[in-house]
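Reading the structure
Read off the chains here:
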Amino acid sequence: ARRHKIRISAPDRVIMPPRTYRNGDRASAGSSRTPLARTVPILLSLFSLLARTTFAADSRWLPSITPVPDPPDDACFHENKFGTTRIALCAYGVPTTTQIAFNAYNKTVNDLPAPKAWITIQDHSIALVKNTAAPGDKPEVWSKPQSYFASTNDGGSEFMGQTTSTWFGTKQGDENTGASAVRSAMSYGYTSYAPIDRCTETFGYTNETAATKTDAEIMSEKSITHEEVDLIRKHCNGTYDQKLRENQFMTMTGGGSGYWLNGCPNYSPGNTSKNMNYTCPAVPIAPGGYKFSILGMLYGSMINSAHTESYGGYGAEGLHDYQVPHSRDLAQYKSLVMTSTLDITNVGENTTVRSAWVGWRNGTTVNFTDISDTTNLAGTKLHFVSPGSGEDEIVLKFAPYYSTGKYERDVAAVKKEFGIPCQYPDHCPTCLDYCVRDITGYDGGFQSKALGREIKKLGNGGLSTLPTQHASKSSFYPGATSTPKSTKEELMSLGGAPKLEVTEVRPVKIFLRKHGGCTGRPASPAAADMSGENTWPNAPADCPNWFKASNHDGSKWLSEEHGTAVKNEWMIDCEAGDLRCYLVDVHLDLAYLNGTRAVLGDITNDAGSDKYGWGKGTFFMYDPEIGTGDAVSGFGDEIQGSGDLPCPASGCLYPGPTPDSGSDSNLIFVFIGVAIGVVALVIGMVVYCLAVRKRKRLKVSGTKQVKAEV
């Protein structure tokens, strides 16, 4: 596929002085905004700093690597800068990896020094929690026969994104029907995106040069309207909030075909696609903000034995031996878990101390090192800062809800549009235009996939004319000028696509657990196994399967199949220890508290002699938010119960720990205790010194008396 490249402005070597560190009073991970709570953690940190150790790591800020490897995945070595945030995206043989840092220089040029602190997020795995599991039990990984990922860069005039598509379960052979149809699978799309700085990226100005020009000069130079000039100035001075509605995903959905489609994870409890007239609410993305969104679709002929009337019940026939370990009956599980690796090793240079804490809506703050792996972090913010670095904090906000619903596909329309299976030509086995369709419409911005990519758009655009710069590719936009314009609801199911109609918004549960480390991978696999389960004897337990997977003949690791120009340890490098790497588990309900199946877990099996296993299913969408400084504001919707669902308040409300479990209200008692201890220590030392002195005087006096008597 033709990859969209990030455009970089000409270098500007005038470097601004670092921004004054305005959060220095938050150096302790348990800091707060209250005056007393600011003081106490600083006092206590004098003791804790002595016990903390910093570590060296092989991971690097990718855009700082020189010279750029050849041949490069050039997106890995460029960065997006907007507001106070710097973002680097990379998917070189691995899931999308995102590095996020604070832009202390307030510059958008391409020659900035590497940041002193950054965090890295990388997709890890999918797992399932058994109905019989107790709190704290480790989820069961849902594996797949081949650990492949398809990825591509994308963007419009307002956002830059990187999209990854993969699947889990037994999706291989999805052109077959009956007993050989897909048994149980999940198609998975992961999109990482950030606002584009239109000041520099689109119009070629720097913050300084735009300020020296009049509105008339900019209008003349760029042939734009006065309204667009106002937009440029807001981008240049960092006051413009981008508005994001639909999120876009690339996903392969069955029969070898796939779609670039829109989905809306922005609904609040009580909202559905229908009662919102299929309009996705706008979410402002402040300068310095960043988001990643996840789409999952569950389907199969034998994926839910609880739905007895549709269950295939084919037994072992039709299922290859290599597929058996990856088949799952979701009726046996109560939640699905999306796990991401969060690497905070580089929050702080080797000479500084990393600081990380969690903040709740009610004001509670808790150190990372004090977080239990059974503490629900839904609706919280995770804060990361390198004290003394001159860089502001990085904030990760966990959305408290996910959107879900069911779908049923028009398989005949899939056959008509693609054929089953869809065939890629031998001369271009990865060209997306053969087996992928764009059903995002013609709305522009990031509300639909931008024109210019060689992927066929379906639907009517209602445009008066196709823009001149795209006229040579008109065959990819056959309906661009057709009327009436396709509605958002009509676009959703074109070409047999799964109609992602949201019918329920549910609370998530999010847990954080310390990563056990994943280092020491051998130079080559011990066996040929593309699932990654038999290639590395005694591998660390927290290594993801995609990292352990071999290529087809076992001669090399699958993540290095296309070369080692970009090493995985440059992107993320997890070693065991405090304040290193963590696994973030996002739990989605497959069942309610009383055992009734939730919408996501109530899957109708697609079984029958003429069924492929992917004709119907359920889906979910979820999107956390990340930023620096004040770009991530508020906590979003407060977590509420789910109305008529059998989920009582005690099970649906996740307000965070009570003040008695570690909030700042207890700090006054800590302060008093420390003060009493210090005073007692001083008094004790004074008393001891006086006693020793008196004893010496008595000893001297007694000696003189004895001598006199002799």
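Residues numbered from 1 in each chain as written. Predicted model: local features only at pLDDT ≥ 70, side-chain atom pairs only at ≥ 80, totals over all residues. Heavy atoms only, no water.

A separate point is the packing of aromatic side chains. Inspection of the entire model under this criterion finds 9 aromatic pairs. Note on F368 and F384: the rings are 5.5 Å apart at their centroids and 75° apart in plane angle, and the pair reads as edge-to-face. Of the two residues, F368 sits in the loop between β16 (365-367) and β17 (381-385) while F384 sits in strand β17, which places them 16 residues apart along the sequence. We note that F368, like F384, is buried. An aromatic cluster is defined as three or more aromatic residues linked by ring pairs; in this entry it consists of W536, W546, F547 and W557. (Phe/Tyr/Trp six-rings, centres within 6.5 Å; stacked < 30°, edge-to-face > 60°. Helix = DSSP H or I, 4+ residues; strand = E, 2+ residues; numbered from the N terminus. Buried < 20%, exposed > 50% of the residue type's maximum accessible area, 1.4 Å probe, protein only.)

Evaluated as defined, the whole model comprises 23 salt bridges. Note that R506 is salt-bridged to D589, the shortest N-O span being 2.4 Å. Linking R506 in strand β21 (residues 504-507) with D589 in strand β23 (residues 581-589), this pair joins segments that are 83 residues apart in sequence. You'll find R506 and D589 in the same group, each marked buried. In this structure, D542 engages R513 in a salt bridge whose closest nitrogen and oxygen atoms are separated by 3.9 Å. Placement of the pair is D542 in the loop between β22 (509-514) and α9 (545-548) and R513 in strand β22, with a sequence separation of 29 residues. Taken as a pair, D542 and R513 share a single burial class, namely buried. (Salt bridge = Lys/Arg side-chain N within 4 Å of Asp/Glu carboxyl O.)

Another point: the state of the cysteines. One covalent bond between the sulfur atoms of two cysteine residues makes up a disulfide. With the rule as written, the count across this model stands at 4 disulfides. A disulfide bridge connects C422 with C435, and the sulfur atoms are separated by 1.9 Å. Classification of the bridge connecting C422 and C435 rests on its S-S torsion, roughly -95°, and on that basis the disulfide is left-handed. Within this pair, whereas C422 is found in the loop between α6 (411-417) and α7 (432-435), its partner C435 is found in helix α7, the two being separated by 13 residues in sequence. One exposure class covers both C422 and C435, and it is buried. (Disulfide = S-S within 2.5 Å.)

As summarised here, the arrangement of the 3 strands in space is β10-β11-β20, forming an open sheet in which the pairing is mixed. Looking along the sheet, the strands with just one partner apiece sit at the ends: β10 (247-254) and β20 (436-438). Strand-to-strand twist in this sheet, taken as the mean axis angle between neighbours without regard to direction, amounts to 25°. Relative to β20, strand β11 (residues 257-263) runs parallel, the two being bridged by 3 bridges. Bridging from a neighbouring strand, G258 pairs with V436 of β20. (Pairing = 2+ DSSP bridges. Axes fitted to C-alpha atoms, helices over the stretch in contact; angles between N-to-C directions.)

Moving on, we come to unusual backbone geometry. Cis peptide bonds are those with omega within 30 degrees of zero, and the linkage from I420 to P421 qualifies with 0°. Its location among the elements puts P421 in the loop between α6 and α7. Cis geometry marks the peptide bond from T483 to P484; its omega dihedral reads -5°. You can see P484 is positioned in the loop between β20 and α8 (488-491). Positive phi is not limited to glycine here, since N277 has a value of about 55°. Within the secondary structure, N277 is located in the loop between β11 and β12 (283-285). In this model, Y278 sits at a positive phi of 60°, which is unusual for a non-glycine residue. You can see Y278 is positioned in the loop between β11 and β12.

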